[in-house]
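Chains, contacts and geometry: an overview
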Amino acid sequence: EVQLVQSGGGLVQPGSSLRLSCAASGFTFSNYAMSWFRQAPGKERELVARISSGGGSTNYADSVKGRFTISRDNAKKTVYLQMNSLKPEDTAVYYCNARRSTWSKEYDYWGQGTQVTVSS
């Protein structure tokens, strides 16, 4: 059974830090690009950060560049999102995503979501 189990969300003050984790099982983690998305109330889900299967390439939304860092540990089958200098506009439900495309099929898995609230 494929599972992406997230942890690490919560309520923090502006300027604080949080680290989200997403532990994978049931598929070959090292073959998948991993991403973090977020969805704020009344808004569409947006891509926050992506890391390649080997970890050598990362991409970030402009809104989080310089503040968030995505990383992965393929031995532990876990992807992380380190969030620093948090702002109220970072408040959202965060989702991890695993994706792999072959010539005939696309594989796409999602975590359960975790709430991050930034408020004073």
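Residues numbered from 1 in each chain as written. Predicted model: local features only at pLDDT ≥ 70, side-chain atom pairs only at ≥ 80, totals over all residues. Heavy atoms only, no water.

**Observations concerning the nonpolar core**
- Counting residues in hydrophobic clusters, the biggest one holds 29 residues, and the most contacted among them are Trp36, Leu81, Met83 and Tyr94.
- Counting residues per element, the ones that place at least two in this core are strand E3 (18-25), strand E4 (33-39), strand E5 (46-51), strand E7 (68-73), strand E8 (78-83), strand E9 (92-101) and strand E11 (114-118). (Core = buried A, V, L, I, M, F, W, Y, C linked by side-chain atoms within 4.5 Å. Buried < 20%, exposed > 50% of the residue type's maximum accessible area, 1.4 Å probe, protein only. Helix = DSSP H or I, 4+ residues; strand = E, 2+ residues; numbered from the N terminus.)

**Focus: the state of the cysteines**
- For the structure shown, the criterion picks out one disulfide.
- The residue that forms a disulfide with Cys22 is Cys96, at a sulfur-sulfur distance of 2.0 Å. Across the S-S bond of Cys22 and Cys96 the torsion is about 50°, and the bridge reads as right-handed. Of this pair, Cys22 sits in strand E3 while Cys96 is found in strand E9, placing the two residues 74 residues apart along the sequence.
- Judged by its relative accessible area of 0%, Cys22 is buried.
- Its relative accessible area of 0% is what places Cys96 among the buried residues. (Disulfide = S-S within 2.5 Å.)

**Examining unusual backbone geometry**
- Look at Lys77: it is not a glycine, yet its phi comes out positive at around 55°.
- Non-glycine residue Ser85 carries a positive phi angle of around 50°.
- Inspection of the secondary structure puts Ser85 in the loop between E8 and E9.
- Taking relative accessible area as the criterion, Ser85 reaches 41% and is therefore assigned partly exposed.

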